[in-house]
Every structure is written in structure tokens, then in C-alpha cells.
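# Close look at the chain arrangement
What follows is each chain in one-letter form.
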Amino acid sequence: TSADANLLIEIGEDSGRLGPALRRAASVQASRSMIGQMLASQVSYLLMVLLIAQVITIFVMYFIMPKFEAIFMDFGVTLPDVTRTMLEVVHLATRFFMPLWLPLLTLLLLVMVPFALTSGTSFEFSIVSRLFPRRHGAAILRSLAICAEAGRPIERGLRTLANHYPVASVRRRLVRVEQDVVHGVDWREALTRNGLIRTTDYDVLATAAAVGNLPWAMNDLAEAIDRRLQLRMAMLSQAVWPVAILAIAGVVLFLAVGFFTPLVTLIGRLSG
């Protein structure tokens with residue numbers, strides 16, 4: 001299960017509403033897996049292309065290019081400039097990386113990264129959430145909503161969050177929130193002070209508490225934050241995708257020109 005789901009289960013068990021917490025955790029997991037599957041398919045494609053390109057490049061560099069160099073030396077012809085540049089770049093890279101490490105590392109990423117994105121593990125929570133810190137507010141509001149639905153004090157939910165939240169930096173802020181509440185600060189204001197919710201969220205929660213539908217408002221705000229997060233991640237992936245494809249295409253073009261230009265040069269020299 002994901003870190004979000006584990007957090008909801010912890011809060012639900014502490015509040016005596018484990019059943020609703022499990023259903024909400026399953027809903028969150030399903031929603032997160034949709035964007036994770038899209039990202040996993042794109043990452044898998046890029047990593048597979050890189051792996052194939054690395055294997056072909058290593059094979060050509062170790063078994064084909066030495067024969068090319070020997071043939072050119074026999075005919076007294078120097079290698080083309082683009083090929084010599086390619087060889088210099090490859091030799092420079094091999095000084096810092098063992099060539100066989102790269103395919104193995106790519107293969108490892110090909111197995112681990114898609115699994116982490118689709119399964120919603122703590123890897124996804126700790127890394128992706130740092131790129132999108134707003135999602136912490138969704139997890140906090142959704143967890144506190146369970147406490148409110150159970151009629152438990154919000155302070156108790158904050159204490160549970162401060163003890164069990166999976167991201168250390170947010171956990172420290174939740175500890176400060178809990179301390180502020182102990183000293184008489186309203187919990188909504190404490191969350192706003194520590195950057196865990198926005199001022200607009202504070203206004204919505206204050207209004208909802210006044211009319212008696214605080215749990216509904218908390219869940220609605222959490223869903224809205226998640227929807228914006230998914231939209232931003234989709235937009236980011238669509239922006240990065242063509243850049244990554246062009247970068248790979250540029251490398252492949254450079255290698256192809258470097259590998260096949262010697263043949264053209266040699267054929268032209270022999271025919272002349």
C-alpha cells in the first residue's frame with residue numbers, strides 16, 4: 001500500500017473508524033494509480049530505448065570499431081572527423097563509468113521505477129511529493145476528516161499525524177502545529193502558519209465549521225488538491241516527453257553518423 005493509504009489506516013484505527021478509512025484509502029490508491037500507470041508507461045518506453053541503444057553501442061564499440069580502425073590503417077586512410085569525435089566522447093565516458101554498468105543500471109531502473117509508480121510505494125510518496133508539496137495538505141486534511149467524522153478532537157488527529165507522517169520534514173512541521181494548538185492556537189491557523197494549508201483553505205474550513213459540515217469540506221478540499229496535482233503531473237509529463245525523445249534521437253543520430261560515415265568514406269576512396 002502507499003504511504004497515504006497507510007496514514008489513513010493509522011488514523012482510522014486510532015479514531016475507531018477503520019472501515020471508512022480503508023474504503024477511503026482504497027479510493028485514494030486507485031486514483032493515484034491512474035497517473036502512476038501513465039507515467040510508468042512513458043518511463044518504461046524511454047528506459048527500454050536507452051537499454052537497447054546502450055547494448056548496440058557497446059557491441060559496436062568493442063567488436064566493430066576496432067576492425068574499422070584496422071581496415072583504415074591498412075588502406076592508409078584516416079577516420080572521419082565525426083567518427084574520431086564520437087570515439088573520443090565514448091572513451092572519455094568509459095573513464096568514469098564501466099560500460100557494462102550502464103545497461104545493468106538501466107535494467108534495474110526499468111524494473112524498479114515503473115513498479116514504484118504503479119504500486120504507490122513510499123518511493124513515490126517521498127520523491128514525487130517533494131516536487132509537489134501541496135499534496136501534503138491533501139493527506140493531512142483527509143486524515144483529519146476521519147477524526148472529525150468520528151467526533152474525536154482534531155488535536156488527537158494532529159498528534160497521530162505528528163508521530164506517523166511518512167515525510168520527516170512535514171512531520172517536523174506537524175509537531176510545531178501540535179505545539180501551537182496546545183498553546184491555544186486554532187488548529188486551522190496553526191496549519192496555515194506552518195505552510196501545510198493555504199489561506200483560502202483556512203477560510204473554507206472556518207466557514208464549514210460554522211455551518212456544521214467540516215468533514216465534508218475537508219474531504220472536498222483534499223480531492224480538489226489531488227485533482228490539481230494529477231493535472232500538473234500530466235502537463236509536466238507531456239512537456240518532458242518530447243524533450244526526452246528529441247534528446248535520445250540526437251544521441252542516436254550522432255552515433256549512427258559516427259558509425260556509418262567511415263563506410264561512406266572508405267567506399268568513396270576505393271571507388272576513386
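Our structure is the block above this text.
What counts, and at which threshold
Residues numbered from 1 in each chain as written. Predicted model: local features only at pLDDT ≥ 70, side-chain atom pairs only at ≥ 80, totals over all residues. Heavy atoms only, no water. Helix = DSSP H or I, 4+ residues; strand = E, 2+ residues; numbered from the N terminus. Buried < 20%, exposed > 50% of the residue type's maximum accessible area, 1.4 Å probe, protein only. Contact = heavy atoms within 4.5 Å. Areas by Shrake-Rupley, 256 points an atom, 1.4 Å probe, with all protein chains shown as cover. Axes fitted to C-alpha atoms, helices over the stretch in contact; angles between N-to-C directions. Parallel < 35°, antiparallel > 145°, perpendicular 65-115°, else oblique. Left-handed = near helix turned anticlockwise from the far one by under 90°. Salt bridge = Lys/Arg side-chain N within 4 Å of Asp/Glu carboxyl O. Nonpolar A, V, L, I, M, F, W, Y, C, P; charged D, E, K, R; others polar. Phe/Tyr/Trp six-rings, centres within 6.5 Å; stacked < 30°, edge-to-face > 60°. Patch = residues over 30% accessible without salt bridge, like charges linked within 9 Å, V, L, I, M, F, W, Y side chains within 5 Å.

### Things to note about the overall build of the protein chain
Along its length, the protein chain carries 11 helices and zero strands. Listing each helix as α and each strand as β along the protein chain from the N terminus yields α-α-α-α-α-α-α-α-α-α-α. Across the 272 residues of the protein chain, 41% fall into the buried class. Long-range contacts, defined here as pairs at least 24 residues apart, represent 70% of the contacts in the protein chain between residues at least 6 apart. Element-wise, carbon and sulfur atoms account for 67% of the exposed surface of the protein chain, whose accessible area totals about 15000 Å².

### Quick word on the packing of helix 1 (residues 3–15) against helix 6 (residues 135–149)
Closest axis-to-axis distance for the helix 1/helix 6 pair is 9 Å, and the angle between their directions is 20 degrees. Classified by the angle between their axes, helix 1 and helix 6 sit roughly parallel to one another. Classified by chirality, the crossing of helix 6 by helix 1 is right-handed. For the pair formed by helix 1 and helix 6, the contact residues are Asp4, Leu7, Leu8, Ile11, Gly12 and Ser15 on the first element and Arg135, Ala139, Arg142, Ser143, Ile146 and Cys147 on the second.

### Focus on the pattern of salt bridges
In this structure the tally under the stated criterion is nine salt bridges. A salt bridge links arginine 159 to glutamate 178; the shortest N-O distance between them is 3.4 Å. With a gap of 19 residues between them, arginine 159 in helix 7 (residues 154–164) and glutamate 178 in helix 8 (residues 168–182) connect regions that are remote in the sequence. Residue arginine 159 is classed as partly exposed on the basis of its relative accessible area of 40%. For the salt bridge of glutamate 189 with arginine 193, the shortest nitrogen-to-oxygen distance reads 3.1 Å. With glutamate 189 and arginine 193 both in helix 9 (residues 187–193), this residue pair falls four residues apart, about one helical turn. By relative accessible area, which is 53% here, arginine 193 ends up exposed. Linked through salt bridges whose partners overlap, the residues forming this network are Arg17, Arg24 and Glu149.

### What to know about the environment of phenylalanine 68
Summarising the element assignment, phenylalanine 68 is placed in helix 2 (residues 18–74). Each C-alpha atom, one on phenylalanine 68 and one on leucine 263, is 8.6 Å from the other, the two residues being 195 residues apart in sequence. When near neighbours in sequence (up to four residues on either side) are disregarded, phenylalanine 68 contacts Phe259, Pro262 and Leu263.

### Considerations on the packing of helix 1 against helix 7
Remark: helix 1 packs on helix 7, axes separated minimally by 10 Å, with the N-to-C direction vectors making an angle of 140 degrees. Considered as vectors, helix 1 and helix 7 are oriented oblique to each other. The crossing of helix 1 and helix 7 is right-handed. In this structure, helix 1 uses Leu7, Glu10, Ile11 and Asp14 to contact helix 7, whose residues at the interface are Arg156, Gly157, Thr160, Leu161 and His164. Residues belonging to the contact of helix 1 with helix 7 are distributed by class as follows: three nonpolar, three polar and three charged.

### So, the packing of aromatic side chains
Inspection of every chain in the model, using the stated rule, returns one aromatic pair. Here tyrosine 45 and tryptophan 241 contribute two aromatic rings whose centre-to-centre distance is 5.6 Å and whose plane-to-plane angle is 45 degrees, an arrangement assigned as tilted. Placement of tyrosine 45 in helix 2 and of tryptophan 241 in helix 11 (residues 214–271) is noted, with a sequence separation of 196 residues between them. Looking at tryptophan 241, the relative accessible area reads 26%, which means it is partly exposed.

### Observations regarding a nonpolar patch on the surface
Together, Leu105, Leu107, Leu108, Leu109, Val111 and Met112 make up an exposed nonpolar region whose accessible area comes to about 540 Å². When its relative accessible area of 47% is taken as the criterion, methionine 112 is described as partly exposed.

Read these as geometric descriptors, not functional statements.
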